[in-house]
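Close look at the chain arrangement
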Amino acid sequence: MSNSTLHATYAGASRAAAAQAAALQLLLARTGADRDLALALAQVDITQMKGVLDADGLQAALAEAQAERDITAALAERCRRREAAGAALGATCACGHSAATHASRLVNGARLPCRHTGCGCGDLAFS
């Protein structure tokens, strides 16, 4: 690799690092002045984010976090109901379908209706 190529590579990397440092300095200044922003940023797991941290990236991360919240809430509700009914893993709903056949997200508050075609079960209930 020639010296001019190395120079251009390092110069480009230096400019990128300077832009990154400036952005971090701005965030530090803003979070120092705004405790709510600092607390909100502390909750963000950037290791799960893909791409840049701009409005589109934040919107995508928000949608992913909300989907994760909804899916895990439904899974927790399935487990809570199974435990409350004393049902074993793999037990079916009163409609005869598996818990996995029911909604993967809570519907209208806390319902888990069956998604099996033709089933009229409006909520998961272990018998």
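Residues numbered from 1 in each chain as written. Predicted model: local features only at pLDDT ≥ 70, side-chain atom pairs only at ≥ 80, totals over all residues. Heavy atoms only, no water.

1. Considerations on the packing of helix α1 (residues 3-33) against helix α2 (residues 35-43)
Running from N to C, α1 and α2 point in directions that differ by 120 degrees, and their axes come no closer than 5 Å. On the basis of the axis angle, α1 is oblique to α2. For the pair formed by α1 and α2, the contact residues are Leu27, Arg30, Thr31 and Ala33 on the first element and Arg35, Leu37, Ala38 and Leu41 on the second. Partitioning the contact of α1 with α2 into residue classes produces 5 nonpolar, 1 polar and 2 charged. (Axes fitted to C-alpha atoms, helices over the stretch in contact; angles between N-to-C directions. Helix = DSSP H or I, 4+ residues; strand = E, 2+ residues; numbered from the N terminus. Parallel < 35°, antiparallel > 145°, perpendicular 65-115°, else oblique. Contact = heavy atoms within 4.5 Å. Nonpolar A, V, L, I, M, F, W, Y, C, P; charged D, E, K, R; others polar.)

2. Observations concerning the environment of Leu75
Take Leu75: it is sitting in helix α3 (residues 55-85). Judged by its relative accessible area of 41%, Leu75 is partly exposed. Separated by 49 residues in sequence, Leu75 and Leu26 have C-alpha atoms that sit 40 Å apart. (Buried < 20%, exposed > 50% of the residue type's maximum accessible area, 1.4 Å probe, protein only.)

3. Quick word on the pattern of salt bridges
What the rule picks out here adds up to 4 salt bridges. Notably, a salt bridge pairs Arg69 with Asp70, separated by 2.9 Å at the nearest N-O pair. On the accessibility criterion, Arg69 (48% relative accessible area) is partly exposed. Given a relative accessible area of 26%, Asp70 falls into the partly exposed group. As a salt-bridge pair, Arg81 and Glu77 come within 2.8 Å of each other at their nearest N and O atoms. Residue Arg81 and its partner Glu77 are both found in helix α3; the two are separated by 4 residues, about one turn of the helix. Grouping residues by exposure puts Arg81 and Glu77 together as buried. (Salt bridge = Lys/Arg side-chain N within 4 Å of Asp/Glu carboxyl O.)

4. Describing the layout of surface pockets
For the largest pocket, the calculated volume is near 460 Å³. For the largest pocket, the lining is made up of 14 residues, of which Leu24, Leu27, Leu41, Ile46 and Leu53 are closest to its centre. Elements with a contribution of two residues or more to the lining of the largest pocket: α1 and α2. By residue number, the principal contributor to the lining of the largest pocket is α1, which donates 5 residues. A class-by-class count of the residues in the lining of the largest pocket yields 12 nonpolar, 2 polar and no charged. Its volume calculated, the second largest pocket comes out at about 320 Å³. Lining the second largest pocket we find 13 residues, and of these Met49, Ala61, Leu62, Glu64 and Ala65 sit closest to its centre. (1 Å grid on protein atoms, 1.4 Å probe; cavity = no way out; pocket = protein on both sides within 12 Å on 5 of 7 lines; lining within 4 Å. Points joined across faces, edges and corners; volume = space filled by probe spheres on them.)

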